[in-house]
Amino acid sequence: MRGRSRIALIVAGVLAGVGLAAPAHAAVSREQLALRWAPIHYQDVDATGDHALGGKSDYIAAYDFDGDLNGRNNWDRAGSGSLAATAYYSVVETGSHWYITYFFFHPRDWVDHPFFENEHENDGEGLLLSIERDGTDYGVLRSAVTVAHSDFYSYTPSGSTWTSGRESVDGTLQLQSSPHDSFQHPVTAQEAKGHGLKAYPQYNINGDGIVYYPSTVAETPSTGDDRDVQYKLVDIFAGGGLWAQRNNANLFASLGTFAGDTSGGCGQGTYGCGTNSANAPWGWDDGNDVPGRGELASDPAKLVTEYFTIPVAVSRTYSYNPYRTEAKELARLDKVAPRVED
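Residues numbered from 1 in each chain as written. Predicted model: local features only at pLDDT ≥ 70, side-chain atom pairs only at ≥ 80, totals over all residues. Heavy atoms only, no water.

**Quick notes on the pattern of salt bridges**
Here's step 1: Scanning all chains against the criterion turns up 13 salt bridges.
Here's step 2: The partner of R316 in a salt bridge is D299, and the shortest N-O contact between them spans 3.5 Å. A residue pair is termed long-range when its members are at least 10 positions apart, and R316 in the loop between β18 (308-309) and β19 (318-320) and D299 in the loop between α4 (295-298) and α5 (300-307) qualify at 17 residues.
Here's step 3: Notably, a salt bridge pairs R332 with E329, separated by 2.7 Å at the nearest N-O pair. One end of the pair, R332, and the other, E329, are both in helix α6 (residues 327-336), three residues apart, so they sit about a helical turn from each other. (Salt bridge = Lys/Arg side-chain N within 4 Å of Asp/Glu carboxyl O. Helix = DSSP H or I, 4+ residues; strand = E, 2+ residues; numbered from the N terminus.)

Shown next as structure tokens:
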């Protein structure tokens, strides 16, 4: 061994002994993982009628966009609060997969006609992405399950090894480059008014619309036809955040269901206005499928093994999953709570 090499090894050993050696490659954070896989999001916008607020009723927003944690005044304040683009995420982990839930909030679920369709205060739709942990920094995207009102839809990207299980795969999850980073992102879309969410282009922009890009900043659309708006991702499990507020009776009527009433003109000129009619991710439920209320977010490993045929082992043991603290209560509500038609 040459002298310099021997000296280098000796120095490295000394540094390691005092804890100053160069660290091994650090794993990406949950925040970085969520940002990397966050969808490019197409939002259709309709400006028809008073309840549309000139299209602003279709802008995504923070659940506390009006500066308070009262779910029963969001319809009233939809035209005056901040509409800076915000979305929410949670990451839960097993040894085999990461599961990322994304949640998009609107202050109004609205209609512009009087025929057999309710509108309501607050609206929450979203999706679950399943990421196989293959040893790379960000893993491999295998599937998506989206929430459109009280129905779930499943998708796989091209080349995925996952196929239909007890539920048929509903389509291909497309990927698209973002002008704001170097990644290919899944592409999703929400309809105007009711804001059901599916993989693009099963929903698409029809006329005016906004294209939202994942970011660390929250931009406000310049118009209802702004095709480059960055949205900020906020951790559902953050201190004082959405999960921490789950027992706040001003924000939630019950576990996973937002509080909402008929004030502010909701229902006027339409068929009616529903109350307590929007869900957070731990309240999402497709009543026709096996997984129970909230399990898309709280027990995604169970859900994906029902929805898909998966050629590798899927661990059901969570190394990180704060939702599980409410598992018993969610299971009870799945049996006794009325279904919320979001």
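**A closer look at the side chain of T86**
Here's step 1: Position of T86 relative to the elements: it lies in strand β2 (residues 86-94).
Here's step 2: For T86, a relative accessible area of 9% translates into the label buried.
Here's step 3: For T86, the residues in contact, after removing those within four places along its chain, are I60, A61, A62, A218, Y231, K232 and V234. (Buried < 20%, exposed > 50% of the residue type's maximum accessible area, 1.4 Å probe, protein only. Contact = heavy atoms within 4.5 Å.)

**Some points on the sheet that holds strand β15 (residues 257-258)**
Here's step 1: Overall, antiparallel pairing links the three strands, which are arranged β14-β15-β17 in an open sheet. Two strands bound the open sheet, and with one partner strand each, they are β14 (252-254) and β17 (278-279).
Here's step 2: Relative to β17, β15 runs antiparallel, the two sharing two bridges. Bridge assignment links T257 to a residue of β17, and that residue is N279. (Pairing = 2+ DSSP bridges.)

**What to know about the pairing of strand β5 (residues 140-148)**
Here's step 1: Taken across its nine residues, β5 has eight buried, putting it largely inside the fold.
Here's step 2: In this structure, strand β4 (residues 119-132) lies alongside β5, joined through six bridges in antiparallel fashion. Residue pairing across strands places I131 opposite L141, the latter belonging to β5.
Here's step 3: Relative to strand β6 (residues 151-157), β5 runs antiparallel, the two being bridged by five bridges. Within the sheet, the bridge partner assigned to A144 lies in β6 and is Y155.
Here's step 4: Connecting β5 to the antiparallel partner β6 that follows it, the hairpin turn spans two residues, and H149 within it adopts a positive phi of roughly 65°.

**Here's the deal with the environment of G124**
Here's step 1: As for its placement among the helices and strands, G124 is situated in strand β4.
Here's step 2: Given the relative accessible area of 0%, G124 is considered buried.
Here's step 3: Measuring from C-alpha to C-alpha, the distance between G124 and F258 comes to 8.9 Å, with 134 residues separating the pair along the chain.
Here's step 4: In this view, G124 contacts F103, F104, A278, N279, W284 and D342; residues no more than four positions away in its chain are not counted.

**Digging into the packing of aromatic side chains**
Here's step 1: Under the counting rule described, the total for this entry stands at 20 aromatic pairs.
Here's step 2: Seen in terms of ring centroids, Y63 and Y88 are 5.2 Å apart; in terms of plane orientation they differ by 45°. Their pairing is tilted. Taken together, the residues span a long stretch of sequence, with Y63 in the loop between β1 (40-44) and α3 (74-77) and Y88 in strand β2 at a distance of 25 residues. Each member of the pair Y63 and Y88 is classed as buried.
Here's step 3: Relative to F258, the ring of F105 lies with its centre 5.6 Å away and its plane at 55°, an arrangement referred to as tilted. You can see F105 sitting in strand β3 (residues 97-109) and its partner F258 sitting in strand β15, a full 153 residues away along the chain.
Here's step 4: Overall, the relative accessible area of 1% leaves F258 in the buried class.
Here's step 5: Among the aromatic residues, ring-to-ring pairing joins Y63, Y88, F103, F105, F237, W243, F252, F258, W282, W284, Y320 and Y323 into one connected group.
Here's step 6: Its guanidinium or amino end placed over the ring of W37, R36 lies 3.6 Å from that ring's centre, counting from NZ or CZ. (Phe/Tyr/Trp six-rings, centres within 6.5 Å; stacked < 30°, edge-to-face > 60°. Lys NZ or Arg CZ within 6 Å of the ring centre and 35° of its normal.)

**What to know about the state of the cysteines**
Here's step 1: In the structure shown here, the tally under the stated rule is one disulfide.
Here's step 2: The disulfide partner of C266 is C273, and the gap between their sulfur atoms is 2.0 Å. A torsion of 95° about the S-S bond marks the disulfide between C266 and C273 as right-handed.
Here's step 3: Accessibility expressed as a relative area gives 6% for C266, which makes it buried. (Disulfide = S-S within 2.5 Å.)

**A closer look at the confidence of the model for the chain**
Here's step 1: Predicted confidence across the chain gives a mean pLDDT of 93, with 92% of residues reaching 70 or more.
Here's step 2: Of the regions scoring below 50 in pLDDT, residues 7-23 engages in four contacts with residues more than four places distant in sequence or in other chains. (pLDDT = per-residue confidence, 0-100.)

**Some points on the environment of P157**
Here's step 1: Of note, P157 is situated in strand β6.
Here's step 2: With 17 residues separating them in the primary sequence, P157 and Q174 have C-alpha atoms 6.2 Å apart.
Here's step 3: Dropping the residues within four chain positions of it, P157 is found in contact with L141, R142, S143 and L173.

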